[in-house]
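# Architecture and fold: a report
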Amino acid sequence: MLLIFGRVLGIFLLIFVGLIAYKVGVFNEDSKNHLTKLLLYITAPCMAAYSIYSKEISPELMSSTIQVLIVQSLYFVVMVAFGYFVVRLLNFKPRAQWGVYIASMVAINNGFMGYPVTKAVFGDDIFYLMVMINIPSCIFFYAIMPVVMRIGRETTDTSWWSNIKQAINPAMTGIAIGVIFLLLGIQPPEDVNIIVKYLSDATIPLSMIIVGVQLGTSHLKEVIKNKYVAITSFVAMFVVPVVVLLLVHFLPFLNNDVKLIIIFSSIFPTAVVTAAISHQQGIEGNRAAEIVSITTAISLVTIPLSAAMLSYLYL
């Protein structure tokens, strides 16, 4: 357990590097945007591709991959229904923002934060499964979340082609390349492979520094005064992971690696893309961005504790 805490602490110290760098003026809002583009368009796709094509196909690997894809897809179905139950039961106001609160409870940052933390804490084998989880997650983010955002609103306007185009992003491209190389049993030239690995390794410090900069731009004291934002953040960070644990832990047909990664994925904060899609949908207010900030701050405590607990249960 101390080993797990040590690994997570080393990763999360990088968040404070980003936070301090923002506070002293090394980074600003423009810097955050440029760093995020570097991560999303270059280093994260390299990390996704390398984590897949560096594996060797085995019956156990294929079984775990299929289990992860199916269970994670079911996660979104069950949790959207659960989120709807919560906002309806507690009668969130205004009704037009029900979809934002539901999406914020369900959308997990299993790519931006999940990739580096999982790789550093659990190693390459478990990290591969986190990359696979990102496939149904991306489908939910870009094809289904805009529809979820419309829950409680009168508009029925949809733009499926726009959503599909967003799903064809660099991260998904990296995953596709990795899967093709894995299935065909090929490797890129050695010189190219070295460059991809270097860029892959840069994802961990870069992503954590960006999270620190994001926290530096947030005003958490003012944000948490909204009771619906506070309730949504609490549900996303504490209730949803417990529900996932209870649902997954007792499924006998899942192996321990799959159980670990499904549960661990659920403890990450609300995905940053939630705020972007909320803005795209023309939803008033900045509730999704506020929930992202609060859940990210909470995760600094919950992720190390959850990692230690899951290691004890499943490794």
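Predicted model only: the values in this text are computed from it and were never measured.

### Topic: unusual backbone geometry
For the peptide bond that leads from Lys93 to Pro94, omega is -5 degrees, which places it in the cis range. Tracing the backbone shows Pro94 in the loop between helix 3 (59–89) and helix 4 (98–106). In this structure, Asn91 takes a positive phi of about 50 degrees despite not being glycine. Classification of Asn91 as partly exposed rests on a relative accessible area of 40%.

### Notes on a nonpolar patch on the surface
Together, Leu9, Leu13, Phe16, Ile20, Val24 and Val26 make up an exposed nonpolar region whose accessible area comes to about 600 Å². Following the sequence through the fold, Phe16 ends up in helix 1 (residues 2–23).

### A look at helix 9 (residues 190–216)
Between its first and last C-alpha, helix 9 extends 40 Å over 27 residues, near the 39 Å set by a 1.5 Å rise per residue. The principal kink in helix 9, of about 30 degrees, is found at Thr203, preceding the proline Pro205 by one to four residues.

### Details of the packing of helix 6 (residues 124–148) against helix 12 (residues 256–266)
At a minimum axis separation of 10 Å, helix 6 and helix 12 run at an interaxial angle of 55 degrees. As far as their axial angle goes, helix 12 and helix 6 are oblique. With respect to the hand of their crossing, helix 6 and helix 12 are arranged in right-handed fashion. Along its contact with helix 6, which presents Ile126, Leu129, Met130 and Ile133, the element helix 12 presents Asp257, Val258, Leu260, Ile261, Ile262, Phe264 and Ser265.

### Comments concerning the packing of aromatic side chains
Across all of its chains, the model carries 13 aromatic pairs by this definition. Taken together, a centroid distance of 5.9 Å and an interplanar angle of 45 degrees make the contact between Tyr53 and Phe181 tilted. Note that Tyr53 is positioned in helix 2 (residues 29–53) and Phe181 in helix 8 (residues 170–184), a separation of 128 residues in sequence. Since its relative accessible area comes to 4%, Tyr53 is described here as buried. The class for Phe181 is partly exposed, based on a relative accessible area of 22%. Look at Tyr101 and Tyr228: their rings are 6.4 Å apart centre to centre, the planes differ by 55 degrees, and that puts the pair in the tilted class. Here Tyr101, found in helix 4, pairs with Tyr228, found in helix 11 (residues 227–249); they are 127 residues apart in sequence, far enough to count as distant. Taken as a pair, Tyr101 and Tyr228 share a single burial class, namely buried. Each residue in the set Tyr75, Phe76, Phe140 and Phe141 is aromatic and connected to the rest through ring pairs, giving one cluster.

### Quick notes on the packing of helix 5 (residues 114–122) against helix 6
Taken N-terminus to C-terminus, the directions of helix 5 and helix 6 make an angle of 160 degrees; their axes are 7 Å apart at the nearest point. In this view, helix 5 runs roughly antiparallel relative to helix 6, as classed from their interaxial angle. Relative to helix 6, helix 5 is oriented so that their crossing is right-handed. Seen from helix 5, the contacting residues are Gly114, Tyr115, Thr118, Lys119 and Phe122; seen from helix 6, they are Asp124, Ile126, Phe127, Met130, Val131 and Asn134.

### Observations concerning the pattern of salt bridges
A complete count under the given rule lists 3 salt bridges for this structure. Its salt-bridge partner being Asp201, residue Lys197 comes within 3.1 Å of it at the nearest N-O pair. With Lys197 and Asp201 both in helix 9, this residue pair falls 4 residues apart, about one helical turn. For Lys197, a relative accessible area of 35% translates into the label partly exposed. The exposure class assigned to Asp201 is partly exposed, which follows from its relative accessible area of 36%. For Glu290, the salt bridge goes to Arg287, with nearest N and O atoms at 3.0 Å. With Glu290 and Arg287 both in helix 14 (residues 287–314), this residue pair falls 3 residues apart, about one helical turn. A residue is classified by how much of its surface remains accessible, and Glu290, at 15% relative accessible area, is buried.

Criteria and cut-off values
Residues numbered from 1 in each chain as written. Predicted model: local features only at pLDDT ≥ 70, side-chain atom pairs only at ≥ 80, totals over all residues. Heavy atoms only, no water. Helix = DSSP H or I, 4+ residues; strand = E, 2+ residues; numbered from the N terminus. Buried < 20%, exposed > 50% of the residue type's maximum accessible area, 1.4 Å probe, protein only. Patch = residues over 30% accessible without salt bridge, like charges linked within 9 Å, V, L, I, M, F, W, Y side chains within 5 Å. Areas by Shrake-Rupley, 256 points an atom, 1.4 Å probe, with all protein chains shown as cover. Salt bridge = Lys/Arg side-chain N within 4 Å of Asp/Glu carboxyl O. Expected span 1.5 Å × (residues − 1). Bend = angle between axes of the 7 residues up to and from the residue. Axes fitted to C-alpha atoms, helices over the stretch in contact; angles between N-to-C directions. Parallel < 35°, antiparallel > 145°, perpendicular 65-115°, else oblique. Left-handed = near helix turned anticlockwise from the far one by under 90°. Contact = heavy atoms within 4.5 Å. Phe/Tyr/Trp six-rings, centres within 6.5 Å; stacked < 30°, edge-to-face > 60°.

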